[in-house]
Protein chains: 2
Amino acid sequence: MAKSASSKHPAHYTRLCDLLREAASIGAVGSLLGWDQETYMPHAGAAMPGGRADQSSIISGIVHERRTSKEIGDLIARCEADKNLLGDSRIAANIREMRRDYDLATKLPTSLVSELARTGSLSQDAWKDARAKNRFKDFKPWLEKMLDLTRQKAKCYGVPKGGEVYDALLDEYEPGMTAREVEGIFTPLRGRLAGLVSEIVASKAKVSDKCTEIGASQADQHAFGHDVIKALGFDLNAGRLDTTAHPFCSGMGPGDTRLTTRYGKPSILEALGSTMHEAGHGMYEQGLPKGTHFGQPLADAISLGIHESQSRMWENLVGRSRAFWQWALPVAKKRFGAKLAKVNVDQMYAAANVVQPSFIRVEADEATYNLHIMIRFAIERALISEDLSVSDLPGTWNAMYKEYLGLKVPSDTLGCLQDVHWSFGLIGYFPTYTLGNLYAAQFWVQISRDIPDLDKRMAKGDFAPLLAWLRKNIHQHGRRYRAAELCQRVTGRPLSADPLMAYLEGKLRPIYGLDGGAKAGAKAAFKPARRAHAMAMA
Amino acid sequence: MAKSASSKHPAHYTRLCDLLREAASIGAVGSLLGWDQETYMPHAGAAMPGGRADQSSIISGIVHERRTSKEIGDLIARCEADKNLLGDSRIAANIREMRRDYDLATKLPTSLVSELARTGSLSQDAWKDARAKNRFKDFKPWLEKMLDLTRQKAKCYGVPKGGEVYDALLDEYEPGMTAREVEGIFTPLRGRLAGLVSEIVASKAKVSDKCTEIGASQADQHAFGHDVIKALGFDLNAGRLDTTAHPFCSGMGPGDTRLTTRYGKPSILEALGSTMHEAGHGMYEQGLPKGTHFGQPLADAISLGIHESQSRMWENLVGRSRAFWQWALPVAKKRFGAKLAKVNVDQMYAAANVVQPSFIRVEADEATYNLHIMIRFAIERALISEDLSVSDLPGTWNAMYKEYLGLKVPSDTLGCLQDVHWSFGLIGYFPTYTLGNLYAAQFWVQISRDIPDLDKRMAKGDFAPLLAWLRKNIHQHGRRYRAAELCQRVTGRPLSADPLMAYLEGKLRPIYGLDGGAKAGAKAAFKPARRAHAMAMA
């Protein structure tokens, strides 16, 4: 094993970091198994004895055993008692988060971890088949198993006093957040979003993305996606872009961050949106200090909400801006040739900002997207508390789509089978997407203040100042701060829905010719404070 | 873990099989790490702390620990003492080979296994760079390290009495074979081959593959490769074909066998040859009974020589036959269109059988190929015994290419840097390629007798009888028989160089218009015996 370079630290801390790095290396191997299963693995290998499901299960079990070893527990305790060490606030944060991870992990028996991985791997395969064939009933028993295992997991974590089972799961993805808090943010947001969306739907403005339905080949779209993510700053020497059924980003190890996307929709914007989204995750992963701290909390993402703030920022605040298209349209024209020749920046900007209630979350526009999330949040919360049975899932899903988005869902493939998450037990994960949108909009207000010429730079294809800002203010810290604290430090305020609503109103009202657009615009509604703590910028 | 279905067996045997399957699953994960590094892994991840080199090292260490556990040793001993169990000759063979594996593995300390994997991973990356840049001196320190580690490995295995260090390594790949025996086969073979090659070189026959240099795209060649391997019988639902610098086959788990090939040479035959070669390995892997015996010797390949007999058979005895091209040429014409329109079967057959001394082993024709192997065997034997220093490797390589093939090697990239093997410590491996050619030719004589209409079937694209023969006579047995015993059972004779020489003379003399062609032909020279033991066919 390569040794950590931090020889200036006491042996108990160095040894702890070495052990955690070794466990993280094995974890990265597990990530490769997952990535491979979604990209290149031949189907026959999944379920056979000794095949991929067993492999995932064994590797998860080994990682879990290592992370919960008595030696690690003892070393953490020794570090916690080492006042010299705790004098360094970064190291103190590192140890605080190591403790959190250790306590969470030791609550789960190895057998449950292995079972979640093995059943999850099989269930994911069953989901893929069921989705392709529109057969919810084939997936139903798997979802029931995964919910059962996930409930067991929540019970091991322990339900907080006065809380619910869901909280124990949510806390894994968004430390410190509760279902009630999420509900408290979502309920009024739903009202404001629904109001905006209904105005847009009722408007007579003709905003369309027809001009981007150019029948582009997958190869050309793939090449264009590479053009864009390279320009944004995703390092292709330390990462890749591949094709899957359900786009994801896997930051699987130091120097190895993998994005996936999918093609096949009429508009070239669909795949580009996915690609930029995953590249946003990927640049966060690449910005974490894994070269020096791999395996330690200091090289980990804070929370999924913060992770999503990065992906949604690049996808939406950048990718749906006029400035971006001033640069990207000529690049696209080089790739797609005559098919795009007559399209101008105004048309492209409008096309990127069509608002239209639709069935598929990952293809949704910025305004309706959060309504998709609210539906999933309500459903998974009810599934996990057993207030909703799996049998009733499709019916409930379809009823909520009618209520929230005014849509009649035509099939489960376009309905409750569309997302991979539940198939491998990701419950409590969905709300983080909307939290990410909220964080992104709030960060953006500060970014616009700190980089006054950002639009001009982006219009020239220069995204370096933005990435540098994110690296300095967010990425480099790893888990040094919790999400709420980071938000306060970076923007001077606690998380609020105002920046997101102001941004959406400010952009969409003019595009749709609605009253009150510019006046309610983002910058007017939310005045960024000067940062209270210069230290956060260190 | 999924349990083995063999509940009729005593608990100690079942438990042993379960433990070995679990170790093999982790081994398959290690294979995925290797495959990924050669196909899709971003370069940056290789050497960082916690990156791929560490990952490979940790996984190898875990596999080694599991395979050498005291529990497995005790269980093998219990099985060896169970007379009922040994009454089943297949199980007896299984236990015999488990003992061999266990004894070999327990001779290696885990630290050495990990070090070989980690240094091998880094060294392979260094080789790749050095090869691309034609800088042998960048690779030299890595090769020295790997030779040193490999010598340590040989010493752990133990040098047989009266033998040499090399024997300990060769035995791992070709159980029971010694360097002196290899030399005993190679020395006279070299004389007969050199005679044939010099006659061909001196002949005035114009045999050329110019007609196959059609500037085909990589995508078309990839599609054609898929057409061919699918027809041969490689199961693409349980395998894949990808692109790499150095073609290989990885039978990485049940239902998951991966081939790689490379493109970019002028003739479409180059990539096809590699693809068919690897598919030959792949069909052997797919024919091993991994569904029921994964992790046990009964689901393992006998030796590399036998593995190569499969790959070289499909590559050469099938792929360079007139019958194959009667079927394959029309298929190729569909893929490559006008570029191949004027080529006929005679031209294609001749093109596939050009004999021409050349620099690169994997592109060599059937006659010169074995001379490449003899050079490598002599050099690696001298390197491992320290009769040759790494500094002198390029000079010795070039001198031997002059002597054996009459060629002046223009660069190390086309010389001693061309093969990946030594970079990760595969010493004692090269001779198995020529052993494979010998086995293939000898099996083929028997196959031609057992399937009299084979040529007619192949000319129609029907390779099923050939694959069925291989499945029945070779694949299904796993390691039940040692190579020499299998050869005797299947062909009625011990391994001999006569079938290979008869086959080469019988094919190449007519093509090159040399005297004595048909008369010295394969079938005349080697009369297959009736099989002595019908049991081998069970």
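Caption draft 1: Up close: the sheet that holds strand E3 (residues 256–261) of chain B. Residues and elements named next belong to chain B. Here we have 3 strands laid out as an open sheet, ordered E1-E3-E2, and mixed in their pairing. Edge strands, defined here as strands with exactly one partner in the open sheet, are strand E1 (239–243) and strand E2 (249–253). Between one strand axis and the next, the sheet turns through 20 degrees on average, direction left out of account. Where E1 meets E3, 5 bridges bridge the pair, whose relative direction is parallel. Looking at the pairing, Asp 242 lines up with Thr 260 of E3. On the sheet, helix H11 (residues 268–287) packs against E1, E2 and E3 and is oriented at approximately 165 degrees with respect to E3.

Caption draft 2: Summary view of the environment of B:Asp392. All names here are of chain B. For Asp 392, the position within the fold is in the loop between helix H16 (366–384) and helix H17 (393–405). According to the C-beta neighbour criterion, Asp 392 is partly exposed, with 14 such atoms within 10 Å. The spatial distance from the C-alpha of Asp 392 to the C-alpha of Arg 131 is 17 Å, given a sequence separation of 261 residues.

Caption draft 3: Main features of the pairing of strand E3 (residues 256–261) of chain A. All names here are of chain A. Most of E3 is tucked away, with 6 of its 6 residues classed as buried. Neither face of E3 is open: one carries Asp 256, Arg 258 and Thr 260, the other Thr 257, Leu 259 and Thr 261, and all of them are buried. Examined bridge by bridge, strand E2 (residues 249–253) and E3 share 4 bridges and lie antiparallel to one another. Note on E3: the bridge partner recorded for Gly 253 is Asp 256. Between the antiparallel neighbours E2 and E3 lie 2 residues, among them Gly 255 with a positive phi of about 70 degrees.

Caption draft 4: A look at the sheet that holds E3(A). Residues and elements named next belong to chain A. The sheet built from 3 strands is open, its strands ordered E1-E3-E2 with mixed pairing. In the strand order of this sheet, the two ends are held by strand E1 (239–243) and E2, each with one partner. Strand after strand, the sheet turns through a mean of 20 degrees between neighbouring axes, direction not considered. Where helix H1 (residues 11–39) meets the sheet, it contacts E1, E2 and E3, and its direction lies at approximately 145 degrees from that of E2.

Caption draft 5: Broad picture of the relation of the copies chain A and chain B. When chain A is fitted to chain B, the residual RMSD is 0.0 Å, and the transformation amounts to a turn of 180 degrees plus an axial shift of 0.0 Å. Here the copies are linked by what is in effect a two-fold axis. Every residue of chain A has its C-alpha some distance from the rotation axis, and the shortest such distance is that of A:Val29, at 3.9 Å. Here 100% of the contact residues of chain A are again contact residues in chain B; the copies associate through an equivalent surface.

Caption draft 6: View of unusual backbone geometry. The phi angle at A:Asn134 is positive, at roughly 55 degrees, despite the residue not being glycine. Structurally, A:Asn134 is set in the loop between helix H6 (110–133) and helix H7 (136–157). Residue classification places A:Asn134 among the partly exposed residues on the basis of 14 C-beta atoms within 10 Å. One non-glycine residue with positive phi stands out, namely B:Glu386, at about 65 degrees.

Caption draft 7: Layout of the interface of chain A and chain B. Each partner contributes residues to the interface: chain A has 39 residues there, and chain B has 39 residues. Looking at the side of chain A that touches chain B, the elements with two or more residues in it are H1, helix H2 (52–67) and E1 of chain A. Per-element accounting of the side of chain A that touches chain B gives the leading share, 10 residues, to H1(A). Classifying every residue of the side of chain A that touches chain B by side-chain character gives 20 nonpolar, 13 polar and 6 charged.

Caption draft 8: Quick peek at the domain arrangement of chain A. Residues and elements named next belong to chain A. The domain architecture assigned to chain A consists of domain 1 (11–133) and domain 2 (179–537). For domain 1 versus domain 2, the separation of C-alpha centres amounts to 28 Å. Each partner contributes residues to the interface: domain 1 has 27 residues there, and domain 2 has 21 residues. Of all the elements in the fold, those that place two or more residues in the side of domain 1 that touches domain 2 are H1, helix H5 (89–106) and H6. Ranked by residue count, the leading element in the side of domain 1 that touches domain 2 is H1, at 13 residues. Along the lines of polarity and charge, the residues of the side of domain 1 that touches domain 2 split into 12 nonpolar, 8 polar and 7 charged.

Caption draft 9: Structural detail: the nonpolar core. Residues A:Val29, A:Trp444, B:Val29 and B:Trp444 are the most contacted members of the largest nonpolar core, which totals 284 residues. In this structure A:Val29 touches A:Ile59, B:Val29, B:Leu33, B:Gln55 and B:Ile59, once residues within four positions along its chain are discounted.

Conventions adopted
Residues numbered from 1 in each chain as written. Chains lettered and ligands numbered in written order. Predicted model: local features only at pLDDT ≥ 70, side-chain atom pairs only at ≥ 80, totals over all residues. Pairing = 2+ DSSP bridges. Helix = DSSP H or I, 4+ residues; strand = E, 2+ residues; numbered from the N terminus. Axes fitted to C-alpha atoms, helices over the stretch in contact; angles between N-to-C directions. Contact = placed C-beta atoms within 7 Å. Buried ≥ 20, exposed ≤ 12 C-beta atoms within 10 Å, placed from the backbone. Least-squares fit on C-alpha atoms with pLDDT ≥ 70 in both. Nonpolar A, V, L, I, M, F, W, Y, C, P; charged D, E, K, R; others polar. Domains from an automatic or database assignment. Core = buried A, V, L, I, M, F, W, Y, C linked by C-beta atoms within 7 Å.

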